[in-house]
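# Report on the structure
One letter stands for each residue in the lines below.
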Amino acid sequence: KYLGKKLEGRYEVMEIIGIGGMANVYKAYDVLEQEGLVVTVQGKGTFVAQVSPNIVAEELNRQVEEEFVQTIAKARRLQLSDAEIMELVTMLLDEGESDGNQQGGTR
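How each quantity is defined
- Per chain, the residues get numbers from 1 upward, laid out in the order the sequence is written.
- The predicted origin of the model limits local features to residues at a pLDDT of at least 70 and limits the giving and counting of side-chain atom pairs to 80 or more, whereas totals for whole chains, interfaces and linings rest on all residues.
- With hydrogens and water stripped out, all remaining heavy atoms of the structure feed into the side-chain values.
- Each salt bridge in this description consists of a side-chain nitrogen of Lys or Arg and a carboxyl oxygen of Asp or Glu lying within 4 Å of one another.
- Helix and strand assignments follow DSSP, with helices taken as H or I runs no shorter than four residues and strands as E runs no shorter than two, numbered in order from the N terminus.
- Burial classes: relative accessible area under 20% of the type maximum marks a residue as buried, over 50% as exposed, and values in between as partly exposed (1.4 Å probe, protein chains only).
- For two strands to be treated as a pair, DSSP must find at least two bridges joining them.
- Contacts are residue-level and defined by heavy atoms, with any inter-residue pair within 4.5 Å sufficient.

## Notes on the pattern of salt bridges
Across all of its chains, the model carries 2 salt bridges by this definition. A salt bridge links R62 to E59, with the shortest nitrogen-to-oxygen separation between them at 2.7 Å. Residue R62 and its partner E59 are both found in helix α2 (residues 53-77); the two are separated by 3 residues, about one turn of the helix. R62 gets classed as partly exposed once you look at its relative accessible area, which sits at 46%. Among the salt bridges present, the one from D82 reaches R76, with a minimum N-O distance of 2.9 Å. The exposure class assigned to D82 is partly exposed, which follows from its relative accessible area of 46%. Owing to a relative accessible area of 48%, R76 belongs among the partly exposed residues under this scheme.

## Remarks on unusual backbone geometry
Among all residues save glycine, negative phi is the norm, and among peptide bonds the norm is trans. Not every positive phi belongs to a glycine, and Q79 is a case in point at roughly 65°. If you trace the backbone, Q79 turns up in the loop between α2 and α3 (82-98).

## Quick look at the environment of E59
A relative accessible area of 33% places E59 in the partly exposed class. Considering only alpha carbons, one finds E59 and K5, 54 residues apart in sequence, at a separation of 23 Å.

## So, the pairing of strand β4 (residues 38-41)
Pairing of β4 with strand β5 (residues 45-48) involves 4 bridges; the strand directions are antiparallel. Of the residues in β5, the one forming a bridge with V39 is F47.

## Focus on the environment of V48
Locating V48 in the fold gives a position in strand β5. Between the C-alpha atom of V48 and that of E97, which follows or precedes it by 49 residues, the distance is 37 Å. For V48, the contacting residues outside a window of four places in its chain are L37 and V38.

## Details of the sheet that holds strand β1 (residues 6-7)
Reading across from one edge, β1-β2-β3 is the order of the 3 strands in this open sheet, with antiparallel pairing throughout. What marks the edges here is a single partner per strand, and that holds for β1 and β3 (24-30). Two strands pair when backbone bridges link them, and β1 and strand β2 (residues 11-19) are joined in this way by 2 bridges, in the antiparallel orientation. Looking at β2, one finds that L7 is bridged to Y11.

Below is the structure:
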C-alpha cells in the first residue's frame, strides 16, 4: 500500500520489514538527507545542511528551465510555431524592461 510512495513529502517508503496483526513496519529513507539538504547526527537530531549558494542557484535555474520546457510544450500543443513562441518571449522581455522589472538578465 505504501511501497514506493512518499510520506509527508519527505520519507520514501522502500520495503516492508515486518507484518503484524495490527500494523506493518516499513523501511523508509529521508529524501532530504539523500539530497544532502539535511544531516542527521545520531542522538542529537536532524539539522539543515550547509548548502553552497552555487547549488541553490543551480536548482533555481533547473526549476526555471523545467517551467520553460513545460510552457514551450503547451505552446506547441496550441500549434504556435517556434517563431511565434520566440516573438512572444521577446515581447514579454521587452515589456519587463520597459516596466523596470528587469532582474539583471542580459540579452
